[in-house]
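# Geometric and topological summary
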Amino acid sequence: MHQVVYSFRMKKAVLLALAILACISYQIAAQTTPDAPAFISTNELVRPPDFREWIFVTSGLGMTYNTPTTTNPSPNFTNVYVNPSSYRAFMKTGQWPDKTMFVLEIRSSSSEGSINKAGNYQTGLVAIEAAVKDVNRYPGKWAYFNFGRGAELKDRTEPLPTTATCYACHSTNAAVDNTFVQFYPTLLEVAKRMGTVRQLDSATGPKP
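It should be emphasised that the depicted structure is a prediction, and the values quoted were computed from it without experimental measurement. (Residues numbered from 1 in each chain as written. Predicted model: local features only at pLDDT ≥ 70, side-chain atom pairs only at ≥ 80, totals over all residues. Heavy atoms only, no water.)

### Some remarks on a nonpolar patch on the surface
Together, M63, Y65 and F183 make up an exposed nonpolar region whose accessible area comes to about 320 Å². Relative to the helices and strands, F183 resides in the loop between α3 (165–173) and α4 (185–194). The class for F183 is partly exposed, based on a relative accessible area of 35%. (Patch = residues over 30% accessible without salt bridge, like charges linked within 9 Å, V, L, I, M, F, W, Y side chains within 5 Å. Areas by Shrake-Rupley, 256 points an atom, 1.4 Å probe, with all protein chains shown as cover. Salt bridge = Lys/Arg side-chain N within 4 Å of Asp/Glu carboxyl O. Helix = DSSP H or I, 4+ residues; strand = E, 2+ residues; numbered from the N terminus. Buried < 20%, exposed > 50% of the residue type's maximum accessible area, 1.4 Å probe, protein only.)

### Regarding the sheet that holds strand β2 (residues 44–46)
Spatially, β1-β2-β8 is the arrangement adopted by the 3 strands of the open sheet, whose pairing is antiparallel. The sheet is open, and its two borders are formed by β1 (39–40) and β8 (156–157), each paired with just one other strand. Relative to β8, β2 runs antiparallel, the two sharing 2 bridges. Each bridged residue has a counterpart across the sheet, and for V46 the counterpart in β8 is R156. (Pairing = 2+ DSSP bridges.)

### Quick look at the packing of aromatic side chains
Across all of its chains, the model carries 11 aromatic pairs by this definition. Summarising the aromatic geometry, the rings of Y138 and F145 are spaced 6.4 Å apart at their centres and angled 65° between planes, so their arrangement reads as edge-to-face. Neither residue differs from the other here; Y138 and F145 are each classed as buried. Taken together, the ring pairs connect F90, W96, F102, W142 and Y184 into an aromatic cluster. (Phe/Tyr/Trp six-rings, centres within 6.5 Å; stacked < 30°, edge-to-face > 60°.)

This is the structure we're talking about:
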């Protein structure tokens, strides 16, 4: 009789332990997103190989934040992608969650080729850059990365120093949480609806 009771209690304890482990595993899985920024060593961001399968946010042509002195007949395209989990969160809240990652793909352009008679189309890869929001890793919440240019692209890189101009530019001029949502028309509509966009000024940029 004692052996039966002991066996029953052992089975109950094992089942309870398995249930706890399953709960812990579920919580860990829920906290981990497959498209979150990946780091090697302490501070090297890995360039995601599948970022072109992420959410395409917008594309700019020949954009510059400085007054141009000449006309560029072959301006660069800038394609912006964001990790899908962060995009879905933004669509619900108008805010970027922790572990948001943007990838900026810069490509050259051409106006002559094949059957094209006017306008510009994208050609060779120029450079890849990135922005990451990680509130525990970076004092300013966001960090910016440059993976290099052309054929010399790096698979991983450390963040640019905080003295780089991109930090102050994003902090001062970004419409939503250090990001240029003012240039992302579909996301700007969401931010306005959610009340998370800073007041925009066409001449000087967003106002706090």
